[in-house]
Amino acid sequence: MEQQKRGISGSSLKLIAVVTMLIDHIAAAILARYLIIGDSVPTALYTIYFVMRCIGRIAFPIYCFLLVEGFTHTRDRKKYALRLFAFALISEIPFDLAFNSKVLEFGYQNVFFTLFLGLLTIMLLSEVEKRREWNVVLRTVLFVVIIVGGMLVAYGLRTDYSYYGVMCIVILYLFRNRRIYQIVAGCLSFFWWELPAIISFVPIYFYNGKRGWNIKYFFYLFYPVHLMILYLICVLLGISATSAI
């Protein structure tokens, strides 16, 4: 119990995710444009860009973990889902401006859509888990259909992290009752396609189950606001006409 009290709270985890995401997006929105339009780009800029993008890989697994935690402890799962969907819509224009220099571009959607689809997927899985009276084979088939369905929708919508994101949310959900198994499974799921992301499971290991600061809307609002600010910086620098992707 004492170890849990000394651990990392949910708000501290979110802060780690926010900072690493910001570092990633500075590289993806600003440095990437210079790398694209530059005729003679210093090697150091490539190195800085690469390091910043690697640091940014820490953010997404933390968001996935906290999504599962939020789903497990929230008193209103439908309201939670609606909030994610609302911020997915709110964030789309800032996301498209920051990375595509367009008001709306449907070839690539922001990460809130991935989190929303992951949440819907585990909501459906949870409903199947409750049906203990159903045949084991039927429940297994439904599990597979729901998981594959969620991944296919993310792939079809071309959301940030695509079907990988939904898959990782599902994995963290399935192992939610045993932290060490959850961390091992999470590391394995990210190891084969985004190696730097496994660093995120170090702070996740020390999560103490406490909420921390009650400023959840700051973390929701930070995403669209910081993307819009990054776009405006690109405008001021005269590089906004170039897509970062």
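Residues numbered from 1 in each chain as written. Predicted model: local features only at pLDDT ≥ 70, side-chain atom pairs only at ≥ 80, totals over all residues. Heavy atoms only, no water.

Details of helix 4 (residues 59-73)
Link 1 in the chain: Compared with the 21 Å implied by 1.5 Å per residue over 15 residues, the 21 Å span of helix 4 between its first and last C-alpha is a close match.
Link 2 in the chain: The buried fraction of helix 4 is high, at 12 of 15 residues.
Link 3 in the chain: Turning to helix 4, its buried residues are Ala59, Phe60, Pro61, Ile62, Tyr63, Cys64, Phe65, Leu66, Leu67, Val68, Glu69 and Phe71. (Helix = DSSP H or I, 4+ residues; strand = E, 2+ residues; numbered from the N terminus. Expected span 1.5 Å × (residues − 1). Buried < 20%, exposed > 50% of the residue type's maximum accessible area, 1.4 Å probe, protein only.)

Here we look at the side chain of Asn110
Link 1 in the chain: On the secondary structure map, Asn110 appears in the loop between helix 5 (77-100) and helix 6 (111-130).
Link 2 in the chain: Residue Asn110 is classed as buried on the basis of its relative accessible area, which comes to 0%.
Link 3 in the chain: At 2.9 Å, the side chain of Asn110 forms a polar contact with the backbone nitrogen of Phe112.
Link 4 in the chain: With sequence-adjacent residues up to four places away left out, Asn110 is seen in contact with Ala88, Ser91, Glu92, Phe95, Asp160 and Tyr223. (Polar contact = N/O pair within 3.5 Å; in protein donor to acceptor, adjacent residues only side chain to side chain. Contact = heavy atoms within 4.5 Å.)

Observations regarding the pattern of salt bridges
Link 1 in the chain: Within this structure, the stated rule accounts for 6 salt bridges.
Link 2 in the chain: Its salt-bridge partner being Asp24, residue Arg57 comes within 2.5 Å of it at the nearest N-O pair. Residue Arg57 is located in the loop between helix 3 (43-56) and helix 4, and its partner Asp24 is located in helix 2 (residues 10-37); the two are separated by 33 residues in the primary sequence. Comparing Arg57 with Asp24 shows no difference in burial state: the two are buried.
Link 3 in the chain: Taking the shortest distance from any N to any O, the salt bridge between Lys130 and Glu127 comes out at 3.2 Å. (Salt bridge = Lys/Arg side-chain N within 4 Å of Asp/Glu carboxyl O.)

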